[in-house]
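# Commentary on secondary and tertiary structure
The primary structure of each chain is shown beneath.
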Amino acid sequence: MGFRRGTIIVLSAAVAAGAVLCVLEPDDGPEPETFRLLPENADVVGLEADFGELVRLRRQAKRTGGDDWRLLGPVERPADPGVVDAMIAALDVARPERAVAGVSREGAERYGFSPAPGTVRVELSDGGTVELSFGGPAPGERRVYARTSLHPDVVLVVDTALRASVDRGPLDLRDRRLWRLDAERIVSVEVADGENGVTVE
């Protein structure tokens, strides 16, 4: 823990002797709330999550009611937009419990990042990318260590729920909708019940 020069207390008796007493206060460093895992208002167009099996996702279309996402690997098929949105939201709102600054790549090994048990790579619409790595568990806590490429020299302590939110396999991401309805292309709806029918255009 570093220290910064605090209030200078000058004792009247010491003034005559030319002595100055300095009180040192602890420097706690930046507050953990200042660290975000994603840039503010990030527009995510792609996701890669690797927790033992690499999963790749790509946004196909941006819609007001929910974006269309497609699973590109290990199999290719439509993805559940609700699950993908929940993954992105978890990364966006997550705030670390605390942060350890000034950690080098070599020093990160003590936090379980060699190799990282899980990684997430986020692609943004402006061409940028953000990488998040999860390390080992924090001793005695229901939290894990994490690092983000936004703050490469900082180790964060985050809740295990965050890792669970983004640790999704192909089965978790499959599109469960039985009927995919594109509301923008609907021109009329007909409801039939026996011989009776109603058409709305």
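I will try to describe carefully the structure that is included in this document. From a predicted model like this one, the values you see are computed outputs, not experimental measurements.

For the rest of this paragraph, the subject is the sheet that holds strand β7 (residues 98–101). Reading across the sheet, the nine strands line up as β6-β5-β4-β3-β8-β9-β10-β11-β7 and stay open at both edges, with antiparallel pairing between neighbours. Two strands in the sheet have a free side with no partner beyond their single neighbour: β6 (77–79) and β7. The sheet shows a mean angle of 25 degrees between the axes of neighbouring strands, direction not considered. Pairing of strand β8 (residues 118–124) with strand β9 (residues 129–137), which is carried by six bridges, proceeds in the antiparallel orientation. If you follow G118 over to β9, its bridge partner there is F134.

With that settled, consider the nonpolar core. Core analysis: the largest hydrophobic core is formed by 33 residues, its most contacted members being L47, L57, V120, V122 and F134. In terms of residue count, helix α2 (residues 81–93) provides more of this core than any other element does, six residues in total. With residues up to four places along the chain from it excluded, the contact list for V122 reads L38, V44, G46, L47, L91, G128, T129 and V130. By size, the runner-up hydrophobic cluster in this structure holds eight residues, among which are A108, Y111, Y145 and V155.

Moving on to the pattern of salt bridges. Counted under the stated rule, the structure contains eleven salt bridges. Close ionic contact of R59 with D43 constitutes a salt bridge, the shortest N to O distance being 2.8 Å. In this pair, R59 is assigned in strand β4 (residues 54–61) and D43 in the loop between β2 (21–27) and β3 (44–50), connecting sequence segments 16 residues apart. By relative accessible area, R59 is classed as buried at 16%. E131 serves as the salt-bridge partner of R121, at 3.9 Å between the closest nitrogen and oxygen. In this pair, R121 sits in strand β8 while E131 sits in strand β9, placing the two residues ten residues apart along the sequence. Three or more residues joined by partner-sharing salt bridges are found here, namely D43, R59, K62 and D67.

Attention shifts here to α2. One turn of the α-helix equals 3.6 residues, which is why residues spaced by three or four share an orientation. Taking 1.5 Å of rise per residue, the 13 residues of α2 would be expected to cover 18 Å, and the 18 Å separating its terminal C-alpha atoms lies within 8% of that figure. Three or more residues of α2 are buried, namely P81, V83, V84, M87, I88, A90 and L91. N-capping of α2 is provided by D80, with a side-chain oxygen placed 2.9 Å from the backbone N of G82.

Parameters and conventions
- Residues numbered from 1 in each chain as written.
- Predicted model: local features only at pLDDT ≥ 70, side-chain atom pairs only at ≥ 80, totals over all residues.
- Heavy atoms only, no water.
- Pairing = 2+ DSSP bridges.
- Helix = DSSP H or I, 4+ residues; strand = E, 2+ residues; numbered from the N terminus.
- Axes fitted to C-alpha atoms, helices over the stretch in contact; angles between N-to-C directions.
- Core = buried A, V, L, I, M, F, W, Y, C linked by side-chain atoms within 4.5 Å.
- Buried < 20%, exposed > 50% of the residue type's maximum accessible area, 1.4 Å probe, protein only.
- Contact = heavy atoms within 4.5 Å.
- Salt bridge = Lys/Arg side-chain N within 4 Å of Asp/Glu carboxyl O.
- Expected span 1.5 Å × (residues − 1).
- Polar contact = N/O pair within 3.5 Å; in protein donor to acceptor, adjacent residues only side chain to side chain.

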